Amino acid sequence: SFSFDCMGFQLEVSDPAFVLRTFETGETMHVANTGHRKISDILSEAGIPKHRRAYWPVVVFEGQVIAIPLVKRSGLYPVTGEDSVVIWLNADKL
């Protein structure tokens, strides 16, 4: 079955700069087919205990949250198979 411990992103740059940090209050992430959703709501729905949410990391690329490791990926930068760079992010249990 599919899991979010390995997420692929197709980018137009060969050397992307990612930022790994905790999310900010009220911050959102673009989710495919639903638009933007609050990260705190996504974490809650994923069953992440409230006391751990404040420390849960997010992956940011060009100012946008593109992944919540082990939880959900953004709808941005889907892998389409065209000639672009595909970056794979792997995560271990937090």
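Treat the numbers as computed from the prediction; the structure is a model and nothing was measured. (Residues numbered from 1 in each chain as written. Predicted model: local features only at pLDDT ≥ 70, side-chain atom pairs only at ≥ 80, totals over all residues. Heavy atoms only, no water.)

*Asks:* Where do I start with the overall build of the protein in this structure?
*Replies:* When you go through the protein residue by residue, the secondary structure sums to two helices and eight strands. Taken from N to C terminus, the helices and strands of the protein fall in the order β-β-β-β-α-α-β-β-β-β. Here the protein, with 94 residues, has 32% of them falling under the buried criterion. (Helix = DSSP H or I, 4+ residues; strand = E, 2+ residues; numbered from the N terminus. Buried < 20%, exposed > 50% of the residue type's maximum accessible area, 1.4 Å probe, protein only.)

*Asks:* When you look at the sheet that holds strand E6 (residues 64-68) in this model, what are you seeing that I'm missing?
*Replies:* Strand pairing in a sheet takes place through backbone hydrogen bonds and is either antiparallel or parallel in direction. Read across the sheet, four strands follow the order E2-E5-E6-E7 without closing on themselves; strand pairing throughout is antiparallel. Across the chains shown, the open sheet's two edge strands, defined by having one partner strand only, are strand E2 (18-22) and strand E7 (72-73). Both E6 and E7 contribute to a ladder of two bridges, which runs antiparallel. Directly across from alanine 67, in E7, lies its bridge partner arginine 73. (Pairing = 2+ DSSP bridges.)

*Asks:* What is the right way to read the pattern of salt bridges from this model?
*Replies:* When the charged atoms of two side chains lie near each other, side chains of opposite charge can form a pair. Inspection of every chain in the model, using the stated rule, returns two salt bridges. In this structure, arginine 21 and glutamate 27 form a salt bridge, with 2.7 Å as the shortest nitrogen-oxygen distance. We classify arginine 21 as partly exposed; its relative accessible area is 24%. Glutamate 45 serves as the salt-bridge partner of arginine 37, at 2.7 Å between the closest nitrogen and oxygen. (Salt bridge = Lys/Arg side-chain N within 4 Å of Asp/Glu carboxyl O.)

*Asks:* Would you explain unusual backbone geometry in this entry?
*Replies:* Positive phi is not limited to glycine here, since asparagine 33 has a value of about 70°. You can see asparagine 33 is positioned in the loop between strand E3 (28-31) and strand E4 (35-38). The phi angle at glutamate 62 is positive, at roughly 50°, despite the residue not being glycine. Here glutamate 62 falls in the exposed class, since its relative accessible area comes to 60%.

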